[in-house]
Protein chains: 2
Amino acid sequence: MPEYRVLAFDIFGTTVDWRTGVADQVAAIAARQGISLDAEAFADDWRGRYLPSMRSVNDGEREWAYLDTLHRESLDEMLTERGLDLAEDVRRELVRTWHRLPAWEDSVAGLARLRERYVVAALSNGGFALLTNLIKAAGLPFDCVLSAELARKYKPAPEPYLTAAALLDVRPEEVLMVACHHWDLDGARAAGLGTAFVERPLEKGPHGADRPDPARADLTARDFPGLADLLRHS
Amino acid sequence: MPEYRVLAFDIFGTTVDWRTGVADQVAAIAARQGISLDAEAFADDWRGRYLPSMRSVNDGEREWAYLDTLHRESLDEMLTERGLDLAEDVRRELVRTWHRLPAWEDSVAGLARLRERYVVAALSNGGFALLTNLIKAAGLPFDCVLSAELARKYKPAPEPYLTAAALLDVRPEEVLMVACHHWDLDGARAAGLGTAFVERPLEKGPHGADRPDPARADLTARDFPGLADLLRHS
């Protein structure tokens, strides 16, 4: 096993439970607005538009746009499709639900263990401000925040992974990317990073999360403490 | 008093004791190499070359260069002036003394208090990797690491201050720059940030640190807990 020095963690799905977090906040806002909607289906639909919206940035079809901007565009589409006309401030509040999401039960303790031996960094497509606020609110013990924003390209393009390694002054192969999505690990591997798949079976509720596939990851763990065990015995 | 949302902390001198940290490590390396030198004077000389070396980058006389690179160039000059010929690996080890410096006694507890109410960020001319390693080793509870490296200009140019505000998605006047150097606060004020002077009378040993000057700072505090007191009563 290579000598990893930095563990870079995906955030949405891997470290925090975006589905429960967004759905709970959407349900509360909808109730306050007197709107009837299925908040979990709403969260799923919103998340489903995430990869396509980023792809248009990475393909050069449009200039760099923050995740908040992409989330807002998707939200506006979704509201139009549902015939819902919400005020500007409510739309902004909805976009900000992605800034405050609950950590998975093992995330804080797992990161704290891993941090004893490695530099642990957040490496997400969320903007730097979004990530800083989310990590602070959830009490996640990261050593530093990194973001696709610093590279102005989204994962799985190579730039965010390589920018992370460059900023931390390590070689790409000294970084282990930790994620519950194969598309993220595929991007990391293509950029020369190590890859660790962590299973998050509840990420998408009943809709089926990515399953472990040892052929597509250097390491496979059940959760963050499981990853710490694997690395300790390496 | 404006509504500050982010407190941005200078690191060298303000949060950590560079002089003791560098001098102690230099003394240990010199002893091991069988070299006789005044380690504190060496640290002072090194630090004295810091502002002029950064100025050449900010003035556009040269391309962006990391603080590590500037420290290395200054070191090579100093060794030549002293007629000392040290091996490459020893020179590298000397440059890395700036990556591991002790926090002032009040820094950790003061930051922990301030963090309850504000986003606390490191904003230093040190490189992102240097800062991440230094903050981790000293156990400083920052919410995020920012660096002049992200703007490719050094403080007191406006870019590092404005990049910090932009990355954290706040207006410049919502950021309070905390430093023990007037030159840093002057730069922050010119960029539209609020300013807090914290006294670090021992920063330069017997050579005289900057003295409080209420005309040049919005707030003046004795140390980080003193700053927390001032802000609590605001």
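Details of the structure are given in the entry above.
Since this is a predicted model, take the numbers as computed values, not measurements.

Draft legend 1. Structural context of the packing of helix H1 (residues 18-33) of chain B against helix H2 (residues 39-48) of chain B. Residue and element names in this part refer to chain B. At a minimum axis separation of 8 Å, H1 and H2 run at an interaxial angle of 125°. When the axes of H1 and H2 are compared, the pair comes out oblique. Both H1 and H2 take part in a crossing whose hand is right-handed. Taken together, the residues of H2 that come into contact with H1 (itself represented by Trp18, Arg19, Val22, Ala23, Val26, Ala27 and Ala30) are Ala39, Glu40, Phe42, Ala43, Trp46 and Arg47.

Draft legend 2. Quick look at the interface of chain A and chain B. Counting from both sides, the interface comprises twelve residues of chain A and, opposite them, twelve residues of chain B. Elements supplying a minimum of two residues to the side of chain A that touches chain B: helix H7 (128-138) and strand E3 (144-147) of chain A. Looking at the side of chain A that touches chain B, the element that brings in the most residues is H7(A), giving four residues.

Draft legend 3. Molecular detail of the relation of the copies chain A and chain B. The transform that puts chain A on chain B rotates by 180° and translates by 0.0 Å along the axis, for an RMSD of 0.0 Å. Such a combination of turn and shift is consistent with a two-fold rotation axis. Residue Cys144(A), judged by its C-alpha, is the member of chain A lying nearest the rotation axis, at 2.7 Å. Mapped onto chain B, 100% of the interface residues of chain A are again interface residues, and the two copies thus contact each other with one and the same surface.

Draft legend 4. Molecular detail of the nonpolar core. Grouped together as the largest cluster of nonpolar side chains are 146 residues, with contacts concentrated most on Ala8(A), Ala121(A), Met177(A), Ala8(B), Ala121(B) and Met177(B). Among all residues touching Ala121(A), those that are not within four sequence positions of it are Val6(A), Ala8(A), Phe142(A), Asp143(A), Cys144(A), Leu146(A), Ala164(A) and Leu168(A).

Draft legend 5. Main features of the sheet that holds strand E1 (residues 6-9) of chain B. Residues and elements named next belong to chain B. Taken together, the six strands give an open sheet; going across it, the order is E3-E2-E1-E4-E5-E6, and neighbouring strands pair in parallel fashion. The two strands at the open ends of the sheet, each matched to only one other strand, are strand E3 (144-147) and strand E6 (219-221). Pairwise comparison of adjacent strand axes, ignoring direction, gives a mean angle of 25° for this sheet. Of the pairings in the sheet, the one linking E1 to strand E4 (residues 175-179) comprises four bridges and is parallel in character. Following the sheet pairing, Leu7 is matched in E4 by Leu176. Each of E4, strand E5 (194-198) and E6 touches helix H10 (residues 224-232); the most contacted strand, E6, lies at about 135° to it.

Reading guide: rules and limits
- Residues numbered from 1 in each chain as written.
- Chains lettered and ligands numbered in written order.
- Predicted model: local features only at pLDDT ≥ 70, side-chain atom pairs only at ≥ 80, totals over all residues.
- Axes fitted to C-alpha atoms, helices over the stretch in contact; angles between N-to-C directions.
- Helix = DSSP H or I, 4+ residues; strand = E, 2+ residues; numbered from the N terminus.
- Parallel < 35°, antiparallel > 145°, perpendicular 65-115°, else oblique.
- Left-handed = near helix turned anticlockwise from the far one by under 90°.
- Contact = placed C-beta atoms within 7 Å.
- Least-squares fit on C-alpha atoms with pLDDT ≥ 70 in both.
- Core = buried A, V, L, I, M, F, W, Y, C linked by C-beta atoms within 7 Å.
- Buried ≥ 20, exposed ≤ 12 C-beta atoms within 10 Å, placed from the backbone.
- Pairing = 2+ DSSP bridges.

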